[in-house]
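Descriptive analysis of the structure
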Amino acid sequence: MSENIIVTIARQCGSGGREIGEKLSQRLNMVYHDKSLISLAAEKSGMNPEILKNADEKATPSFLYSIAVGAIGMVPFSHGMPYDTPVNDKLFVLQSDIIEEEAKKYPCVFVGRCADFVLRNHPRLVRVFVYASPEKRIERIASANEVDISEAKSLMNKIDKKRASYYNYYTSQKWGRCENYDLMIDTTKIGVDGAVKLIEEYINIIK
């Protein structure tokens, strides 16, 4: 088959999903995309990267928010979207276009950004959801952000809620539902390296 292998990783906060994506891409010589999509979207649209960064992985806010960040009327789009389209929607369309373009060019690993939904018709797509026990995730978040357990728990819940809201809004599917993914990986016991090996083995099986 000529199509590129594409891996998409959705993840609970603190589960190690981003690190898994980075290590997998290095191990299999694949192009890695996470927050890099924001820079590509800014370059493609001419929009301020900071405005796009603030809108990243957030569902469409109120009309007043779009006015406040100065996104209204900034950029004409060729996607049939009017000038007053909320910045979150503009970013979703931009990132979706870039995800599709990159998937045609290279074997890629995409973390977040509803990439599993955007590329749902890709013939060689591997959709992964990474999760872990709350205790393990809180421990990882506290260590990575140098905060106490209470603050780490609050951050975990806040980010998971934001990711679920974003995914559910733009895909009309349920974030974390097993039928939306090919692999559901619990990193509580096997860790990041174990998850990378599992995904690699799965790819080798379906080749």
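Residues numbered from 1 in each chain as written. Predicted model: local features only at pLDDT ≥ 70, side-chain atom pairs only at ≥ 80, totals over all residues. Heavy atoms only, no water.

As for the pattern of salt bridges
For clarity, the cut-off: Criterion for a salt bridge: a side-chain nitrogen of Lys or Arg within 4 Å of a carboxyl oxygen of Asp or Glu. Segments assigned H or I by DSSP are reported as helices when at least four residues long, segments assigned E as strands when at least two residues long, and all are numbered from the N terminus.
If you walk through the whole model with that rule in mind, you get ten salt bridges. A salt bridge links Arg18 to Glu22; the nearest nitrogen and oxygen atoms lie 3.1 Å apart. Separated by four residues within a single helix, Arg18 and Glu22 lie in helix H1 (residues 17-28), roughly one turn from each other. Close ionic contact of Arg140 with Glu19 constitutes a salt bridge, the shortest N to O distance being 3.5 Å. Taken together, the positions of Arg140 in helix H7 (residues 134-145) and Glu19 in helix H1 put the pair 121 residues apart, joining distant regions of the chain.

Remarks on the pairing of strand S4 (residues 125-131)
The test is simple: Think of it in three bands: residues with accessible area under 20% of the maximum for their type are buried, residues over 50% are exposed, and the middle band is partly exposed, with areas taken using a 1.4 Å probe on protein chains only. We call two strands paired when DSSP finds no fewer than two bridges between them.
Counting buried positions along S4 gives five out of seven residues, so the element sits mostly inside the fold. Relative to strand S5 (residues 183-186), S4 runs parallel, the two being bridged by four bridges. In the strand pairing of S5, Val128 is matched with Leu183.

Notes on the nonpolar core
As a reminder of what qualifies: Definition of nonpolar core: a set of buried residues of the types Ala, Val, Leu, Ile, Met, Phe, Trp, Tyr and Cys, connected through side-chain atoms within 4.5 Å. The criterion used for residue contact is that any of the two residues' heavy atoms lie within 4.5 Å.
Ranked by size, the top nonpolar core spans 30 residues in total, and within it Ile6, Leu52, Ile99, Phe110, Leu119 and Trp175 carry the most contacts. When contributions to this core are tallied by element, the ones reaching two or more residues are strand S1 (6-11), helix H2 (36-45), helix H3 (49-55), helix H5 (87-105), strand S3 (108-111), helix H6 (115-118), S4 and helix H8 (149-171). The biggest single contributor to this core is H5, with seven residues. If near-sequence neighbours (up to four positions away) are discounted, Trp175 is found in contact with Ala10, Arg11, Gln12, Phe129, Asp160, Arg163, Ala164, Tyr167, Asn168 and Tyr181. Formed by 18 residues, the second largest nonpolar core is a distinct cluster that contains Val7, Val109, Ala195 and Ile199.

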